[in-house]
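Architecture and fold: a report
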Amino acid sequence: MRKTEGPAIAAAGRTKDIIRRHGFTFKKSLGQNFLIDGNILDKIIAAAGLDESRGALEIGPGIGALTERLAQAAGTVVALEIDNRLLPILEDVLSPYDNVNVIHADVLKADLKRLWDEHFAGTAGVSVVANLPYYVTTPIVMKLLEERLPIERIVVMVQKEVAERMAAKPGGKEYGSLSIAVQYYCEPDLVAIVPSGSFIPAPNVDSAVIRLTKRPQPAVTVPDEDRFFRVVHAAFAQRRKTIANNLSALSGKERKAELTALLAGCGIQPERRAETLSLDEFARIDGELAKAGMID
Ligand code: SAM
């Protein structure tokens with residue numbers, strides 16, 4: 001593990017000094033809330049399970065608080081930052097580290113498969129570790145999962161409410177299509193709840209660090225993922241409605257009686273609500289709907 005002299009970038013005094021010296025002004029529209037809490041960084045790094053043979057992809061390095069710790073813990077670090085004003089700052093503060101590549105890019109537009117080939121070939125495993133910009137958390141996490149990148153785990157700071165939705169089990173109001181999408185690919189566990197005072201500037205929501213450990217295989221086997229997720233989305237379209245009512249939008253209203261019988265036939269009471277259904281039950285419904293020709 002590499003170490004440098006002097007205070008860490010995340011130390012509040014050092015962060016303020018870097019910001020002042022470079023005349024940096026925060027852009028709220030880019031979700032710029034920088035971490036100044038070394039204890040939280042310790043927890044993020046411990047949860048990521050990095051070592052010299054592994055790589056880390058960071059999204060949104062800001063002024064490098066987390067990047068510095070990743071550089072000390074991993075063999076290779078790639079950090080994608082959308083705000084070009086931060087690039088000279090990162091070049092300055094990360095100059096003691098020769099294992100960090102900062103790339104000016106919007107993660108949502110970046111070719112991540114190419115990035116993997118160019119930077120992570122030969123590493124024992126790669127984790128995504130980031131304090132995510134909250135305005136695009138869900139699209140970023142979904143892109144990472146749906147592109148089927150060889151990721152070991154994703155350890156991210158997100159809005160507390162989003163972390164709760166990702167980790168929710170059936171039966172509560174937090175459980176929804178995001179829980180199912182995340183849990184289809186990963187096992188979630190909550191690492192830490194983070195108060196707003198751990199950031200500069202302080203956001204007006206609480207935050208949480210969540211770890212998503214990639215499953216070797218998706219949690220359920222479905223013949224057509226797009227269709228499976230279409231069923232899930234349709235089932236949650238109006239949360240107060242029963243699954244029979246919501247799914248009739250897919251099967252056609254005229255086939256509602258058939259749909260009700262089909263649900264009952266696969267052991268699922270048609271008057272249940274989507275928030276009570278497990279991934280297995282969604283997979284069963286998807287399979288039966290397809291078999292009956294009620295969805296294509
Ligand atoms: N990692 C730093 C930290 O923990 O202090 C900064 C985290 S801050 C919450 C989010 C960072 O993501 C900002 O630096 C912001 O400029 C960057 N960002 C916002 N949207 C982005 C995008 N679409 N692609 C890449 N970076 C983005």
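Residues numbered from 1 in each chain as written. Predicted model: local features only at pLDDT ≥ 70, side-chain atom pairs only at ≥ 80, totals over all residues. Heavy atoms only, no water.

As annotated in an unreviewed UniProt entry, the chain carries the name Ribosomal RNA small subunit methyltransferase A and is attributed to Cohnella candidum. In the Sequence similarities (unreviewed entry) part of its UniProt record, the chain is described as follows: "Belongs to the class I-like SAM-binding methyltransferase superfamily. rRNA adenine N(6)-methyltransferase family. RsmA subfamily." (UniProt positions renumbered as here; feature names shortened; annotations may be inferred.)

A separate point is the pairing of strand β3 (residues 76-81). Both faces of the sheet carry side chains from a regular strand, because those side chains alternate between them. Within β3, six of the six residues are buried, which leaves it mostly tucked inside the rest of the structure. Pairing geometry for strand β2 (residues 55-59) and β3, over five bridges, is parallel. Paired with A56 across the strands is V77, a residue of β3. The handedness of the β2 to β3 crossover, carried by helix α3 (residues 65-73), is right-handed. In this structure, β3 lies alongside strand β4 (residues 100-104), joined through five bridges in parallel fashion. Bridged to A79 within β4 is V102. (Buried < 20%, exposed > 50% of the residue type's maximum accessible area, 1.4 Å probe, protein only. Helix = DSSP H or I, 4+ residues; strand = E, 2+ residues; numbered from the N terminus. Pairing = 2+ DSSP bridges. Right-handed = clockwise from strand over helix to strand, strands pointing away.)

Bringing the site of the ligand into the picture now. Looking at the ligand, there are 22 residues lining it, with L35, G60, E81, N131 and Y135 nearest. The contact in question runs from an oxygen atom of the ligand to an N or O atom on the side chain of Q32, over 3.0 Å. One of the side-chain N or O atoms of E58 is found 3.2 Å from a nitrogen atom in the ligand. Protein coverage of the free-state accessible area of the ligand, which is 600 Å², stands at 99%. Broken down by secondary-structure element, the contributors of at least two residues to the shell around the ligand are β1 (34-35) and β3. Split by residue class, the shell around the ligand holds twelve nonpolar, six polar and four charged. (Near = heavy atom within 4 Å. Polar contact = N/O pair within 3.5 Å; in protein donor to acceptor, adjacent residues only side chain to side chain. Areas by Shrake-Rupley, 256 points an atom, 1.4 Å probe, with all protein chains shown as cover. Nonpolar A, V, L, I, M, F, W, Y, C, P; charged D, E, K, R; others polar.)

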